[in-house]
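Coordinate analysis (summary)
For reference, the chains in residue letters:
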Amino acid sequence: MRVQAYLRVLPPGQAGNYGPEAQREDIEQWAALQKDCKIIGWRRFPDSGAPSDREDVDRLVQEAYRLVFAGLLDGAIFGREERLAPKSPTTRYFQESLEAEGVQVLFAEVPTA
């Protein structure tokens, strides 16, 4: 499976302990546990609540759709679902938009100690 990894970026001071670096670590750990998974790229997406966030997300969705249509991408991977603020309208919109375009959405659910 070929996946594009997406890292959620919040405004300074709002990321808490689950910023892009922690998300990347979870995604890399998840990918290492999969039998056949290749991360083909990393993208960041804004989640500040600004209207421009949706425009940025729409561009990323279209990019993912083009990669799927070209046969270069199978899915999108995000960090751990419970840590990505599922109530965030931007994050939810991004995930739902990807699914509507036929992109499989996955979450880096990793075992905890």
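One structure accompanies this document, and this report is about it.

Another aspect to go through is the pairing of strand β3 (residues 75–78). Neither face of β3 is open: one carries G75 and I77, the other A76 and F78, and all of them are buried. Bridge count for strand β1 (residues 2–9) against β3 is three bridges, and the pairing is parallel. Counterpart to A5 in the pairing with β3 is I77. Here β3 runs beside strand β4 (residues 104–107); their pairing, made up of four bridges, is parallel. Across the sheet, the residue bridging to F78 is F107, located in β4.

This next bit is on the pattern of salt bridges. Applying the stated criterion across every chain yields a total of seven salt bridges. Salt-bridge contacts for R43 lead to E63; the nearest nitrogen and oxygen are separated by 3.2 Å. Note that R43 is positioned in strand β2 (residues 38–46) and E63 in helix α2 (residues 51–69), a separation of 20 residues in sequence. When its relative accessible area of 30% is taken as the criterion, R43 is described as partly exposed. In this structure, the salt-bridge partner of R80 is E82, at a minimum N-O distance of 3.8 Å. Bridged by salt links that share partners, the residues D26, R80 and E82 form one connected network.

Okay, the side chain of D26 next. When you line up the elements, D26 lands in helix α1 (residues 20–33). A relative accessible area of 6% places D26 in the buried class. Look past the residues within four positions of D26 in its chain and what remains in contact with it is Y18, R80, A108 and V110.

The rules we used
Residues numbered from 1 in each chain as written. Predicted model: local features only at pLDDT ≥ 70, side-chain atom pairs only at ≥ 80, totals over all residues. Heavy atoms only, no water. Buried < 20%, exposed > 50% of the residue type's maximum accessible area, 1.4 Å probe, protein only. Helix = DSSP H or I, 4+ residues; strand = E, 2+ residues; numbered from the N terminus. Pairing = 2+ DSSP bridges. Salt bridge = Lys/Arg side-chain N within 4 Å of Asp/Glu carboxyl O. Contact = heavy atoms within 4.5 Å.

Nothing here speaks to function; it is geometry throughout.
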